[in-house]
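Chain by chain, the residues:
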Amino acid sequence: MIYIHLFWEFMKIGLFAVGGGMATLPFLQRLSESASWYPQSFIIDMVPYT
């Protein structure tokens, strides 16, 4: 059951986050709040430092 939920969440992220990796960050933040699969500090590590 967890695989179906995981597939569904990342399918929504891939479908609606048009515009590159930075567009997926709000979706990933909402996912971390609702499912608690990873802490929000991991999202900060995803942002490139330029």
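Residues numbered from 1 in each chain as written. Predicted model: local features only at pLDDT ≥ 70, side-chain atom pairs only at ≥ 80, totals over all residues. Heavy atoms only, no water.

A. Here's a closer look at helix 2 (residues 25–35). By the burial criterion, the buried members of helix 2 are L25, L28, L31 and S32. An end-on view of helix 2 places all buried positions within 120° of arc, on one side of the element. For helix 2, exposure combined with an orientation more than 90 degrees from the buried face picks out P26, E33 and S34. Those residues of helix 2 hidden inside the fold are in contact with helix 1 (2–16) and helix 3 (41–46). After helix 2 finishes, the residue S36 shows a positive phi value of roughly 55°. (Buried < 20%, exposed > 50% of the residue type's maximum accessible area, 1.4 Å probe, protein only. Helix = DSSP H or I, 4+ residues; strand = E, 2+ residues; numbered from the N terminus. Arc of directions from axis to C-beta. Contact = heavy atoms within 4.5 Å.)

B. Geometry of the side chain of S32. Positionally, S32 belongs in helix 2. When its relative accessible area of 6% is taken as the criterion, S32 is described as buried. Separated by 2.8 Å, the side chain of S32 and the backbone oxygen of Q29 make a polar contact. Contacts of S32, omitting those with residues within four sequence positions, involve Y38, Q40 and I43. (Polar contact = N/O pair within 3.5 Å; in protein donor to acceptor, adjacent residues only side chain to side chain.)

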